[in-house]
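# Per-entry structural report
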Amino acid sequence: MIPNIADFKALIKDRVGLHFFNGMEGLLNTALLQRMGERGKESSEKYYEKLCVSTSEFDKLLSLLTINETYFFREPEVLDMVCDKLVPRMLEQRGGPVRILSAGCSSGEEAYSLAIKLHQKYHDHFAARVEIHGCDIDTKILDKARAANYSSYSFRGVDPLLQQNYFTRNGNQFQLHDLIRSKVTFHRSNIVKEQLQPKFDIILLRNVSIYFDDETRRLLQFNLLTMLQPDGALFFGNAETLANNFGILKLKQEHGLFYFCQPKISRAQVASASVKPVVMPAAAPCVADPVRATQQCEIWIKKALECVAEKRFSQAEEWISQVLDCDIHHQEALVIKGAIALEKCEFEQTAQSAQHVLELDEWSAEAKMLLGLAMMWQHHTQQAIAWFKQVVYQQPGYWPAHYYLAEMYRQSELYRPALRTYRITLQLLNAELNNTSNACALRLPLSFPSNSFRFLCEHQLAQFTGQDGQ
Ligand SMILES: C[S@@+](CC[C@H](N)C(=O)[O-])C[C@H]1O[C@@H](n2cnc3c(N)ncnc32)[C@H](O)[C@@H]1O
């Protein structure tokens, strides 16, 4: 490693937010050595001085450091939601054009995917209805975005007919038709510090914040707050959403997808509005004496759990609402509320309760499990996988999460991971049976009968063995 690497790390993080986590220092070191070599074996001290004053040198180094991985129609469910739900709704509510930003757009595939989808929807009326912008910090990659000439690597999983309709083959490359190309405008902008204006209705900022640390992500949220319209929507990549939930922008769930929007009223107002006195059925009002209130809540929780076990969900809900009237942030009550909603197939309510819990405790495995199940029942398989993976990571002994993860892999035709995960589930179930496990239980009022799940696991494993003799 070059001796003053820490100075470079600090300079880059300060300017553009990129954080070189320990495993990534090698990338920075290699890029620095390359630039210093190209500049005639300059010393690292001299090079640092140069970097502080020269924007063009900073840009050259940055082009070696940014990770520009992208492809057309990546995480397509978000693009569907934007084009089929949000844009039509915004156009209906207040006319056009709807302004969309692909932030950290890299070589432009995301912005052009939106343009293609919206062109398919609105044909020639497209221009009057939507404006699409892309921005990135890396000037070199923006040149590539503007050129719109791609190798087959950018088309992983793209419908060949769509590729044929919108691109012209030129040797090994595919040139996007001008009709679509001209619909997207690209800008060099630092999303952490600069504010593109006027405000946007929809911002996609996917697979960018993973390179930032918490401090930068928080800063970024404040910046995005000023760039987003009052009824706008901001999407992070599926797996990034939680790490960006600082309570600055409000997290919303729609059709199994999460996005951020402007908070309508401040958190303090929300709290005071939601604790307005409610006339309770029979039970005594609480709060006056905090110790008594806590004891009372415990009694109500116990009663709610008894009702859930007997599948008397409406009564369970009544007990839970008493607890929540006492304390709107009662974590266990929120988890139970989410579980009851799940039993009643009210998945949006499950997700809302679980998100509330995660706002209070981002490590709640119970909330993540509820989200995984809610996504699974709504057939949002990729999101379900993301949540179950988090549970498995946090609670490796919790076999129901492994089991459902295996199911989601199988449904996504990811057979190898499915096979591996069923095997793990079975091992955990057997260990539980032999009392040799360090299996754990989550505080979730959902029943997962071991025998049935063991049978299901064995059945799935037998299917795999039958298929390829593994
Ligand atoms: C992995 S790509 C993501 C591309 C696309 N959003 C997607 O999801 O496929 C990350 C991009 O973010 C850009 N980026 C990193 N820091 C940035 C910043 N501070 N402002 C704007 N773009 C940034 C990088 O240059 C890179 O092109």
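Where an unreviewed UniProt entry is consulted, the protein chain appears under the name Chemotaxis protein methyltransferase, with the organism given as Buttiauxella ferragutiae ATCC 51602.

### Side note on the sheet that holds strand β5 (residues 173-176)
Backbone hydrogen bonds are what pair the strands of a sheet, in a parallel or an antiparallel way. With respect to topology, 3 strands assemble into an open sheet ordered β3-β5-β4, the strand pairing being antiparallel. Only two strands of the sheet have a single neighbouring strand rather than two, namely β3 (149-151) and β4 (167-170). Taken pair by pair, the neighbouring strands of this sheet meet at an average axis angle of 35 degrees, ignoring direction. The sheet contact formed by β4 and β5 spans 4 bridges and is antiparallel. In the sheet register, Asn-170 faces β5, and the bridge partner there is Gln-173.

### Overview of the domain arrangement of the protein chain
One can read the domain layout of the protein chain as domain 1 (5-65), domain 2 (76-261) and domain 3 (329-468). Averaged C-alpha coordinates put domain 1 and domain 3 at centres separated by 43 Å.

### Observations regarding the UniProt feature "domain: CheR-type methyltransferase" (unreviewed entry) in the protein chain
Sequence positions flagged by UniProt for "domain: CheR-type methyltransferase" (unreviewed entry) are, in local numbering, residues 1-242. Split by type, residues 1-242 is 49% helix and 18% strand. Its first and last C-alpha atoms lie 33 Å apart.

### Some points on the nonpolar core
If you look at the biggest cluster of nonpolar residues, it comprises 104 residues, and the most contacted ones within it are Ile-191 and Met-369. Ranked by the residues each element gives to this core, the list is headed by helix α17 (residues 365-377), at 9 residues. When neighbours within four sequence positions are excluded, Ile-191 is seen to be in contact with Leu-101, Ala-103, Cys-135, Leu-205, Leu-220, Asn-223, Leu-224 and Met-227.

### What about the packing of helix α1 (residues 5-16) against helix α2 (residues 25-38)?
Orientation of α1 relative to α2, taken along the N-to-C sense of each, is 100 degrees, at an axis distance of 11 Å. Between α1 and α2, the angle falls in the class roughly perpendicular. Counting all contacts with α1, which are made through Ile-5, Phe-8, Lys-9 and Ile-12, the residues of α2 involved are Glu-25, Leu-28, Asn-29 and Leu-32. Considering only residue class, the contact of α1 with α2 consists of 5 nonpolar, 1 polar and 2 charged.

### Examining the site of the ligand
Close to the ligand lie 22 residues; Thr-70, Arg-74, Asp-136, Arg-206 and Asn-207 are nearest. Measuring from a nitrogen atom of the ligand, one finds a backbone N or O atom of Ile-137 at 3.3 Å. Relative to its unbound accessible area of 610 Å², the ligand is 99% covered by the protein chains. When grouped by side-chain class, the residues that make up the shell around the ligand number 8 nonpolar, 8 polar and 6 charged.

### What to know about helix α20 (residues 415-433)
Helix length check: α20 (19 residues) gives 27 Å between terminal C-alpha atoms against 27 Å at 1.5 Å per residue, within 8%. Among all positions of α20, only Pro-417, Ala-418, Leu-419, Thr-421, Tyr-422, Thr-425, Leu-426, Leu-428, Leu-429 and Ala-431 are buried. Positioned one or two residues after α20, Asn-435 has a phi angle of 55 degrees, which is positive.

### Thoughts on the side chain of Thr-381
If you trace the backbone, Thr-381 turns up in helix α18 (residues 381-394). Setting aside chain neighbours within four positions, we find Thr-381 in contact with Met-408, Gln-411 and Ser-412.

### Here's the deal with unusual backbone geometry
Here the residue pair Gln-197 and Pro-198 is connected by a cis peptide bond, since its omega of -5 degrees sits within 30 degrees of zero. Its place among the elements puts Pro-198 in the loop between β6 (184-188) and β7 (200-205). One non-glycine residue, Glu-75, lies in the positive phi region at around 40 degrees. Structurally, Glu-75 is set in the loop between α4 (55-65) and α5 (76-94). At His-379, a position not held by glycine, the phi torsion is positive, near 65 degrees. Turning to its location among the elements, His-379 is positioned in the loop between α17 and α18.

Each value, and the rule that gives it
Residues numbered from 1 in each chain as written. Predicted model: local features only at pLDDT ≥ 70, side-chain atom pairs only at ≥ 80, totals over all residues. Heavy atoms only, no water. Pairing = 2+ DSSP bridges. Helix = DSSP H or I, 4+ residues; strand = E, 2+ residues; numbered from the N terminus. Axes fitted to C-alpha atoms, helices over the stretch in contact; angles between N-to-C directions. Domains from an automatic or database assignment. UniProt positions renumbered as here; feature names shortened; annotations may be inferred. Core = buried A, V, L, I, M, F, W, Y, C linked by side-chain atoms within 4.5 Å. Buried < 20%, exposed > 50% of the residue type's maximum accessible area, 1.4 Å probe, protein only. Contact = heavy atoms within 4.5 Å. Parallel < 35°, antiparallel > 145°, perpendicular 65-115°, else oblique. Nonpolar A, V, L, I, M, F, W, Y, C, P; charged D, E, K, R; others polar. Near = heavy atom within 4 Å. Polar contact = N/O pair within 3.5 Å; in protein donor to acceptor, adjacent residues only side chain to side chain. Areas by Shrake-Rupley, 256 points an atom, 1.4 Å probe, with all protein chains shown as cover. Expected span 1.5 Å × (residues − 1).

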